[in-house]
Amino acid sequence: MPPHHGAHGGVRAVRVAIEADGGSRGNPGPAGYGAVVRAHPTGEILLERLGSLGTTTNNVAEYTGLIEGLKAARELNATEVDVRMDSKLVIEQMSGRWQIKHPGLRPLAATAAELVTHFDKVTFDWIPRERNKAADALANRAMDEATGKIPRSAAPLDLDAAAAPVSWAPPSLDNATRIILVRHGETALTKQGRYSGRGDVPLSDEGQAQAMAAGGRVAGISRDVTAVLSSPLGRCTRTAELIAAEVGGIPVTVVPDLIECDFGDWEGLTFAEVQERWPDEMREWLASAGVAPPGGESFRAVSKRVRGVLATIKDEYAGGVVVVVSHVSPIKLILKDALAASDAFLHRMFLDAAGVSTMDIWPDGNIAVRSVNETSHLR
């Protein structure tokens, strides 16, 4: 799993630095945030976050960058955090030296303050903008997407990973196959941030509720579902059953190749524990999709089998609506191919438990990704 896949926590005194930023084109205007979590003292990037926020102010975007950075540090089970931002207002308010006078910022500051309580130590330091370039670049990328400067066009799906021309014509849905990708609901290991591969861990009570909510979201996308396909592991089959019940009670079809990546010796451990015990292997794994964890499976091997699943869906369910219930690794790899992204995508894309992503595939191989990691049904 990339950092999102579980692997976070356990070892005490894990220190990270958060660089966060946010901005808007106009104030208020189309806004976005960015956050980078770096290892201490090497400065190696561990996680990145970015996102568009619709129309809001610079200060709201900056606070959101801080909040997302703190959430990412929690995923890594950091115990000490150095927050670095070029927003004097956020740094001074979070340090308690300035009052929070604007009522719209108080809930955001309260959320950030609550997140701070989960760490042993958090420091807040102002840095000049030139030292915050990484977070600033992510925030600007999010704003570019929000303002349409980065077009969200239909991209090709090529199951052999070869490039194909992008179609800019508005696609017709008449002969498209719609695929709704759903990550399984929460388990005990999900909540603890541990690698959860081939172990058959059941849904928690919260996970059951999330799966039912995901079923409602799927039904909102389409009640005319052709098939519900699932990984063979119980956390997926149960999620699939609850979704199927919401869309007419159709049977669940188990597809073995939708199973999660085999994390081998890392199964059940946290990111910090693996980094402590296998630092060289972890570095090589993060650098290449062709490297497998000790005793496990590479992302390249997972990609090969999920591409086979998509090819089967195109052949057997052409023009239908297919729900695919799987795990983080298979879903990320499907989306990576769909978006013609590099392997770096695997370590930058976050997928929540019971998150929903939707895409359409055409017979000529073109694809349109409609949504990624929808979670509004979980709130």
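See the structure above.
Enquirer: Provide a residue-level description of the sheet that holds strand β2 (residues 29–39), including the pertinent values.
Expert: As summarised here, the arrangement of the five strands in space is β3-β2-β1-β4-β5, forming an open sheet in which the pairing is mixed. Two strands close off the open sheet at either side, each with one partner strand: β3 (45–56) and β5 (121–126). Strand-to-strand twist in this sheet, taken as the mean axis angle between neighbours without regard to direction, amounts to 20 degrees. As defined by bridge partners, strand β4 (residues 80–85) adjoins β5 across six bridges and the pair is classed as parallel.

Enquirer: So what about the side chain of N132? Which residues, and what values?
Expert: Mapped onto the elements of the fold, N132 is located in the loop between β5 and α4 (133–146). Only 2.9 Å separates the side chain of N132 from the side chain of D86, close enough to count as a polar contact. In this view, N132 contacts E19, A20, D21, R84, M85, D86 and I127; residues no more than four positions away in its chain are not counted.

Enquirer: Please set out the environment of E145 residue by residue, giving values where relevant.
Expert: With respect to the helices and strands, the residue E145 is situated in helix α4. Since its relative accessible area comes to 25%, E145 is described here as partly exposed. Sequence separation between E145 and G32 is 113 residues, and the spatial gap between their C-alpha atoms is 8.9 Å.

Analysis parameters
In every chain, residue numbers begin from 1 and rise along the written sequence. With pLDDT at 70 or above as the cut-off, local features in this predicted model cover only qualifying residues; side-chain atom pairs require 80 or more to be listed or tallied, and sums for whole chains, interfaces and linings still use all residues. Values shown for side chains rest on all heavy atoms present in the structure; no hydrogens or waters enter the calculation. For two strands to pair, DSSP has to find at least two bridges joining them. Where helices and strands are cited, they refer to DSSP runs of H or I of at least four residues and of E of at least two residues respectively, numbered from the N terminus. Only C-alpha atoms enter the line fits that serve as axes; for helices the fit covers just the stretch in contact. Angles between N-to-C directions range over 0 to 180 degrees. We define a polar contact as two N or O atoms separated by no more than 3.5 Å, with the added condition that, inside protein, one atom must be a possible hydrogen donor and the other a possible acceptor, whereas residues neighbouring each other in sequence contribute only through side-chain atom pairs. It only takes one pair of heavy atoms within 4.5 Å for two residues to be counted as in contact. Here's how the labels work: a residue is buried when its accessible area is under 20% of the maximum for its type, exposed when over 50%, partly exposed in between, all with a 1.4 Å probe on protein chains only.

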